[in-house]
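As a plain string of letters, each chain reads:
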Amino acid sequence: MTPILHHYPASPFAELVRIAFGLKGLAWASVDVPNILPKPGQTELTGGYGRTPVVQIGADIYCDTAAILDALERLQPTLSLYPAPLGAMHRMLAHWAGSTMFLSFVGAAMGTMTADAMGTGFIADRRARFGLDMAQLAAVTPHLTGQTRTAAAWLDAALADGRAFLGGDAPGHGDLAFYADLWFVRNVPSARAAAEALMRPHVAAWYARVAAIGHGTRTEMTPDEAIAVARAAAPGAGLGQVDPPFVAGQDVRVKTEGCADAPVAGRLVRYDATGITLLRESDAAGEVAVHFPRLGQMVL
Ligand SMILES: N[C@@H](CCC(=O)N[C@@H](CS)C(=O)NCC(=O)O)C(=O)O
């Protein structure tokens, strides 16, 4: 079944997934979502999860790149996003690139933007959901820029032995995650100087190799068409088990750490080291399974 990506062009986490499609040579459908709430088509499917990206495969809805990449790995095992020798260690690299370092890269780039360039709607959205404070951002931008330079120096040192990708000959999740961080800085016009400072020789060559992977084969889809795809499908088979203290079928809510977005309510059918899955009823799409990674999600 063709995966459907709910995203907007400037999202670095969406860029990570677009390159993952390219790595696996997948055909995919693209649904454009706004870069601020509300996102009615997306939240009809997720039950409230409003972050970007979300990938839908039939009536299975994957929230967060960690859950999305697991789903793509099951859908199309080759080429693997977790190639040897690093294997699962790619998850650790990607987690660092997508947490502490993501905030540094995004802050370093956004700290160069004027409030006008961001727009009042965007600033209000990020303030309400993530606590964005423009004055505080301006004050910490030099610090965040320094943090990104250390990450770039480490990447450059890791690549200095001539390896093509962070784990050797084959690219993996960790490459895609760091690529997305740098890609975001490079795509903010006012952050040009910050971006240039990151492009050390080995980093620049590696960045070009990741970019060359491309995005696979993209077609366009409307939010209503995506909802119709979910309505016509049934959620896939269970992926795991429900560990204590919860029990299978229990009504719970899943809330993302560090974000004020509404929690997602549903019946718990997976809660283990591999992730979290809820079954829920959507008015428009019928029964859907909403999948989350284990890290970064609170079950309430
Ligand atoms: N841990 C999440 C982080 C996703 C994330 O922070 N996405 C940003 C955009 S790149 C976001 O949701 N911003 C708010 C929005 O798009 O509404 C993941 O790996 O997918």
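The rules behind each value
- Residues numbered from 1 in each chain as written.
- Predicted model: local features only at pLDDT ≥ 70, side-chain atom pairs only at ≥ 80, totals over all residues.
- Heavy atoms only, no water.
- Salt bridge = Lys/Arg side-chain N within 4 Å of Asp/Glu carboxyl O.
- Helix = DSSP H or I, 4+ residues; strand = E, 2+ residues; numbered from the N terminus.
- Buried < 20%, exposed > 50% of the residue type's maximum accessible area, 1.4 Å probe, protein only.
- Near = heavy atom within 4 Å.
- Polar contact = N/O pair within 3.5 Å; in protein donor to acceptor, adjacent residues only side chain to side chain.
- Areas by Shrake-Rupley, 256 points an atom, 1.4 Å probe, with all protein chains shown as cover.
- Nonpolar A, V, L, I, M, F, W, Y, C, P; charged D, E, K, R; others polar.
- Domains from an automatic or database assignment.
- Contact = heavy atoms within 4.5 Å.
- Pairing = 2+ DSSP bridges.
- Axes fitted to C-alpha atoms, helices over the stretch in contact; angles between N-to-C directions.

Enquirer: Would you explain the pattern of salt bridges in this entry?
Expert: Working definition: two side chains of opposite charge can pair if their charged atoms are close together. Scanning the model with the defined rule gives ten salt bridges in all. Where Glu196 meets Arg192, a salt bridge forms, and the shortest distance between an N and an O atom there is 3.3 Å. With a gap of four residues between them, Glu196 and Arg192 both fall in helix α10 (residues 192–198), about one helical turn apart. Among the ionic pairs, Glu287 bridges to Arg267, the shortest N-O distance being 3.2 Å. In this pair, Glu287 is assigned in strand β9 (residues 286–292) and Arg267 in strand β7 (residues 264–272), connecting sequence segments 20 residues apart. We classify Arg267 as partly exposed; its relative accessible area is 34%. Here the residues in one salt-bridge network are Asp125, Arg126, Arg129 and Asp261, joined through shared partners.

Enquirer: Mind showing me how you'd approach the site of the ligand here?
Expert: Inspection of the region around the ligand gives 15 residues, with Lys39, Arg51, Asp64, Thr65 and Arg129 positioned closest. At 2.8 Å from a nitrogen atom of the ligand is found a main-chain nitrogen or oxygen belonging to Thr52. Protein contact buries 91% of the 500 Å² of open area that the ligand shows by itself. Sorting the residues of the shell around the ligand by element identifies α1 (12–24) and α7 (120–130) as the ones contributing at least two each. In terms of residue count, the dominant contributor to the shell around the ligand is α7 (three residues). Looking at the shell around the ligand, its residues break down into five nonpolar, five polar and five charged. Residues lining the shell around the ligand come from more than one domain, with at least three contributed by each of domain 1 (4–79 + 217–299) and domain 2 (89–211).

Enquirer: How should I be thinking about the side chain of Lys24 in this particular structure?
Expert: Position of Lys24 relative to the elements: it lies in helix α1. Exposure remark for Lys24: the relative accessible area of 5% places this residue in the buried category. Reaching out from Lys24, the side chain makes a polar contact with the backbone oxygen of Gln76 at a distance of 2.6 Å. The contact partners of Lys24, leaving out residues within four places of it in the chain, are Leu72, Glu73, Gln76, Pro77, Thr78, Leu79, Ser80 and Leu81.

Enquirer: Which parts of the structure should I look at to understand the sheet that holds strand β1 (residues 4–7)?
Expert: Note: strands within a sheet are paired through backbone hydrogen bonds, in either parallel or antiparallel orientation. An order of β5-β2-β1-β3-β4-β9-β8-β7-β6-β10 is seen for the ten strands of this open sheet, with the pairing classed as mixed. What marks the edges here is a single partner per strand, and that holds for β5 (217–220) and β10 (297–299). Between one strand and the next, the sheet's axes are offset by a mean angle of 35°, whatever the strand orientation. Alignment of strand β2 (residues 27–32) against β5, held across four bridges, turns out to be parallel. When the sheet's bridge partners are listed, Ser30 is paired in β5 with Glu220. Along the sheet face, α1 touches β1, β2 and β3 (54–57) and points at about 160° away from the line of β1.

Enquirer: Help me out: how do you make sense of the domain arrangement of the protein chain in this one?
Expert: Many descriptions give the size of an interface as the accessible area lost when the pieces come together. You can read the domains of the protein chain as domain 1 (4–79 + 217–299) and domain 2 (89–211). Computed over C-alpha atoms only, the centres of domain 1 and domain 2 are separated by 24 Å. The partner domain 2 presents 20 residues to the 24 residues of domain 1 that form the contact. Scanning the region where domain 1 abuts domain 2 turns up two salt bridges. With a shortest N-O distance of 2.8 Å, Arg129 and Asp261 are connected by a salt bridge. Summed over the shared surface of domain 1 and domain 2, the result is seven residue pairs in polar contact (both at pLDDT 80 or more). Here the element with the most residues in the side of domain 1 that touches domain 2 is α1; it accounts for eight residues.

Enquirer: Would you explain the environment of Leu81 in this entry?
Expert: Looking at where Leu81 falls in the secondary structure, it is placed in the loop between α3 (65–75) and α4 (89–98). For Leu81, a relative accessible area of 0% corresponds to the buried category. Once the C-alpha coordinates of Leu81 and Arg129 are considered, the two residues, 48 residues apart in sequence, prove to be 31 Å apart. Look past the residues within four positions of Leu81 in its chain and what remains in contact with it is Ala20, Leu23, Lys24, Leu69, Glu73, His90, Gly172, His173 and Leu176.

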